Amino acid sequence: MPRVLLIEDDPSVREGVELGLRRRGHEVSAAETGEAGLAALRTFQPELVLLDLMLPGINGVQVCRKIRETSQLPIIMLTARGDDFDVVVGLEAGADDYIVKPARTEVIEARIRAVLRRLADPGGRPGLEFHGELALDRAGLTAAKSGERVALAPSELKLLLHLAASPEQVFSRQQLLESVWEHSYHGDARLVDACVRRLRHKIEDVPGSPLYIQTVRGFGYRFGPLQ
């Protein structure tokens, strides 16, 4: 079972989530501040981070940004308010998903498994493929632009591979939520939109005039066609 770093300042939530995950076989390191969490990141070497949005001192968004400076480790944010503006900020900072508290252990476990599956399942056919200056290696789970490797978080990579597997096909946000995030219910389209914005800043020459990931107004997104 993957090692999980839990950064949560509420003692009751922290202890409950930690106990629940340990019972399911996870090795867990728990921290109550952003500073302690970043220190544990170096010593514990987790495979996934559960990160509270509202932390004293360095808040969850700042912690997320610091992690993303050096790592594409999967990050799931914990928030007490699903419609909070800060959720969008957290997603823009690089979080792969978020969970609204309080959440049952089985829900957290399901989200953890879904995020980690994005790392293991490249989707589509195996091998190296080229789209203009963009090279995708589905077997190696990497992307490169003009010969330079692009660091992508799990959700970013899975979304890119999913869109590129069907060039010119239009996908609704709900279809992408189900395929990439495995949200079978009527999910939060902000996950998709935030991930697309992050991707565009990494792979597009001009993010405001995207060549690869194009918006189909009123419906969703498609990959290409390349000009």
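Heads up: the structure comes first, above all this text.
Residue numbers here run from 1 along each chain, matching the order of that chain's written sequence. Local features are withheld for residues below a pLDDT of 70 in this predicted model, meaning they are given only at 70 or higher, and side-chain atom pairs are given and counted only at 80 or more; totals for whole chains, interfaces and linings count all residues. Heavy atoms from the whole structure form the basis of all side-chain values; hydrogens and water molecules are not counted.

Student: Before we move on, can you summarise helix H6 (residues 154-164) with the specific residues and values?
Tutor: For the exposure calls, accessible area comes from a 1.4 Å probe over protein chains only, and a residue counts as buried if that area is under 20% of its type's maximum, exposed if over 50%, partly exposed in between. Numbering of helices and strands starts at the N terminus; helices are DSSP runs of H or I of at least 4 residues and strands are runs of E of at least 2. By the criterion of burial, H6 is predominantly enclosed, with 10 of the 11 residues buried. Taken residue by residue, H6 has Pro154, Ser155, Glu156, Leu157, Lys158, Leu159, Leu160, Leu161, Leu163 and Ala164 as its buried positions.

Student: Mind laying out the sheet that holds strand E12 (residues 220-223), listing which residues take part and the relevant values?
Tutor: Whether two strands pair depends on DSSP finding at least two bridges between them. Spatially, E10-E12-E11 is the arrangement adopted by the 3 strands of the open sheet, whose pairing is antiparallel. Because the sheet does not close on itself, it has two edges, and the strands there are strand E10 (171-172) and strand E11 (213-216). As judged from the 2 bridges shared by E10 and E12, these two strands associate in the antiparallel manner. Following the sheet pairing, phenylalanine 171 is matched in E12 by tyrosine 221.

Student: Please set out the packing of aromatic side chains residue by residue, giving values where relevant.
Tutor: Whether two aromatic rings pair depends on their centres lying within 6.5 Å, for rings of Phe, Tyr and Trp, where Trp uses its six-membered ring; planes under 30 degrees apart make the pair stacked, over 60 edge-to-face, and the rest tilted. In total, this model carries 1 aromatic pair according to the counting rule given. Between tyrosine 212 and phenylalanine 223, the ring centres sit 6.0 Å apart and the planes meet at 40°, which makes this aromatic pair tilted. Taken as a pair, tyrosine 212 in the loop between helix H8 (189-203) and E11 and phenylalanine 223 in strand E12 lie far apart in primary sequence, 11 residues in all. Per residue, the accessibility class of tyrosine 212 equals that of phenylalanine 223, and both read buried.

Student: Outline the packing of helix H4 (residues 85-93) against H8, supporting the account with residue identities and numerical values.
Tutor: At a minimum axis separation of 8 Å, H4 and H8 run at an interaxial angle of 40°. In the packing of H4 onto H8, the handedness of the crossing is right-handed. Listed contacts from H8 to Val87, Val88, Leu91 and Glu92 of H4 are Arg190, Leu191, Ala194, Arg197 and Arg198. Any residue that is not Ala, Val, Leu, Ile, Met, Phe, Trp, Tyr, Cys, Pro, Asp, Glu, Lys or Arg is counted as polar, Gly included; the first ten are nonpolar and the last four charged. Grouping the constituent residues of the contact of H4 with H8 by class yields 5 nonpolar, no polar and 4 charged. Axis angles are defined between N-to-C directions and span 0 to 180 degrees, where every axis is a line fitted to C-alpha atoms and, for a helix, only to the segment in contact. Each crossing is labelled by how the near helix is turned from the far one, with a counterclockwise turn of less than a right angle marking it left-handed and a clockwise turn marking it right-handed. Residue contacts are defined here by distance: any two heavy atoms, one from each residue, within 4.5 Å place the two residues in contact.

Student: So what about the environment of glutamate 129? Which residues, and what values?
Tutor: Within the secondary structure, glutamate 129 is located in strand E6 (residues 128-131). It is 9.8 Å that separates the C-alpha atoms of glutamate 129 and alanine 143, two residues lying 14 residues apart in sequence. If we skip the residues at most four places from it in the chain, glutamate 129 touches Leu134, Ala135, Leu136, Arg138 and Ala164. At 2.8 Å, the side chain of glutamate 129 forms a polar contact with the side chain of arginine 138. The term polar contact refers here to a pair of N or O atoms within 3.5 Å; inside protein, the definition further demands a hydrogen-donor-capable atom paired with an acceptor-capable atom, and it admits residues adjacent in sequence only when both atoms are side-chain atoms.

Student: Describe in detail the pattern of salt bridges, supporting the description with residues and values.
Tutor: Whenever a carboxyl oxygen of Asp or Glu lies within 4 Å of a side-chain nitrogen of Lys or Arg, that contact is scored as a salt bridge. In this structure the tally under the stated criterion is 17 salt bridges. Between glutamate 109 and arginine 113 there is a salt bridge, with its nearest N and O atoms 2.9 Å apart. Linking glutamate 109 with arginine 113, this pair stays in helix H5 (residues 105-120), spanning 4 residues, or about one helical turn. Exposure remark for glutamate 109: the relative accessible area of 5% places this residue in the buried category.

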